[in-house]
Amino acid sequence: ETESKIAHDKESVEITPALRCKNLHLRKIIKENHGASLASADMNCFFPTDDRRHMVATAGANQINIYDNNHCGNHIDLACHFINLPTEYSRGGESSIVKFLLTKESENEALVAFGGERSEISVMSVAHTRIVRLLKGHSSEIIDIAPHQTKEGCFYSASRDNTIRFWNATDD
């Protein structure tokens, strides 16, 4: 409290830890059940004025979950549950990173990119709960994904193979 008052007494407001946390309130608790530790979480922050801004993605074990807080009243609910099993196209496996990608504002679609122990990156349509792109190029574990802030469907990935790659998930 004292720290916050001191900050407000100055001509320009100093952002202190107390001031930063002043308006934080616990609103929702999500109990994840990936069968393992939660490895990654991401909030869709690309469109602050539309319905997609209320989505949260989580990754853990071989599962990706998408939660929606907009269409479910005063609670958060599971909107999409995907299990990354091996198929004829993909090796499946554990996912340690998940990120929302920028999509066209006119489309009512959200895309997430995820990867992990396998060297593949999957791009999933949240609306259809299916993989729309499977990207191969790394030779080791995917350790990070960074969405491009202005190019739709584009992102960078980093791998334990010591490379960074640029991808466009919307190219045909």
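Here, the structure is the one placed above.
Predicted model only: the values in this text are computed from it and were never measured.

Draft legend 1. Region of the structure containing the overall build of the protein chain. When helices and strands are counted, the protein chain shows two helices and eleven strands. In the protein chain, which comprises 172 residues, the share counted as buried stands at 42%. Once local pairs closer than 6 in sequence are excluded, the contacts in the protein chain between residues at least 24 apart make up 41%. Summed over its atoms, the accessible surface of the protein chain is roughly 10,400 Å², and 49% of this surface lies on carbon and sulfur atoms.

Draft legend 2. Spotlight on the sheet that holds strand β5 (residues 95–101). Spatially, four strands are ordered β5-β6-β7-β8 in an open sheet, and the strand pairing comes out antiparallel. With partners counted over all chains shown, the strands left at the sheet margins are β5 and β8 (130–136), one partner each. The sheet shows a mean angle of 25° between the axes of neighbouring strands, taken without regard to direction. In this structure, strand β7 (residues 120–125) lies alongside β8, joined through six bridges in antiparallel fashion. Bridged to Val 123 within β8 is Arg 133.

Draft legend 3. Quick peek at the nonpolar core. In terms of nonpolar packing, the biggest core is built from 16 residues, with Ile 64, Ile 66, Val 98, Phe 100, Val 112, Met 124 and Val 126 touching the most fellow members. Contributing elements (two or more residues each) for this core: β2 (55–60), β3 (63–68), β4 (77–83), β5 and β6 (111–116). For this core, the element with the highest residue contribution is β2, accounting for three residues. Leave out the neighbours within four places in its chain, and Val 126 touches Met 55, Ile 66, Cys 80, Glu 109, Ala 110 and Val 112.

Draft legend 4. Just the pairing of β3, in detail. Within β3, six of the six residues are buried, which leaves it mostly tucked inside the rest of the structure. Residues Gln 63, Asn 65 and Tyr 67 point to one face of β3 and Ile 64, Ile 66 and Asp 68 to the other, with burial holding for every one of them. Count of turn residues in the β2/β3 antiparallel hairpin: two residues, of which Ala 61 carries a positive phi of about 50°. Bridge count between β3 and β4: six bridges; the pairing is antiparallel. Its bridge partner being in β4, Asp 68 is matched across the sheet by Asp 77.

Draft legend 5. Structural context of the sheet that holds strand β10 (residues 154–159). Pairing is antiparallel across the open sheet formed by three strands, whose spatial order is β9-β10-β11. A strand with exactly one partner marks an edge of an open sheet, and here the two such strands are β9 (142–147) and β11 (164–168). Geometrically, the sheet is characterised by an average inter-axis angle of 25° between neighbouring strands, direction not taken into account. Here five bridges tie β10 to β11, and the two strands are oriented antiparallel to one another.

Draft legend 6. Structural detail: the pattern of salt bridges. Under the defined criterion, the tally for this structure stands at four salt bridges. Salt-bridge contacts for Glu 117 lead to Arg 118; the nearest nitrogen and oxygen are separated by 3.9 Å. What makes Glu 117 partly exposed here is its relative accessible area of 42%. The class for Arg 118 is partly exposed, based on a relative accessible area of 32%. With a shortest N-O distance of 3.6 Å, Lys 136 and Glu 120 are connected by a salt bridge. Taken together, the residues span a long stretch of sequence, with Lys 136 in strand β8 and Glu 120 in strand β7 at a distance of 16 residues.

Cut-offs and rules
- Residues numbered from 1 in each chain as written.
- Predicted model: local features only at pLDDT ≥ 70, side-chain atom pairs only at ≥ 80, totals over all residues.
- Heavy atoms only, no water.
- Helix = DSSP H or I, 4+ residues; strand = E, 2+ residues; numbered from the N terminus.
- Buried < 20%, exposed > 50% of the residue type's maximum accessible area, 1.4 Å probe, protein only.
- Contact = heavy atoms within 4.5 Å.
- Areas by Shrake-Rupley, 256 points an atom, 1.4 Å probe, with all protein chains shown as cover.
- Pairing = 2+ DSSP bridges.
- Axes fitted to C-alpha atoms, helices over the stretch in contact; angles between N-to-C directions.
- Core = buried A, V, L, I, M, F, W, Y, C linked by side-chain atoms within 4.5 Å.
- Salt bridge = Lys/Arg side-chain N within 4 Å of Asp/Glu carboxyl O.

All we've got here are geometric facts, nothing functional implied.
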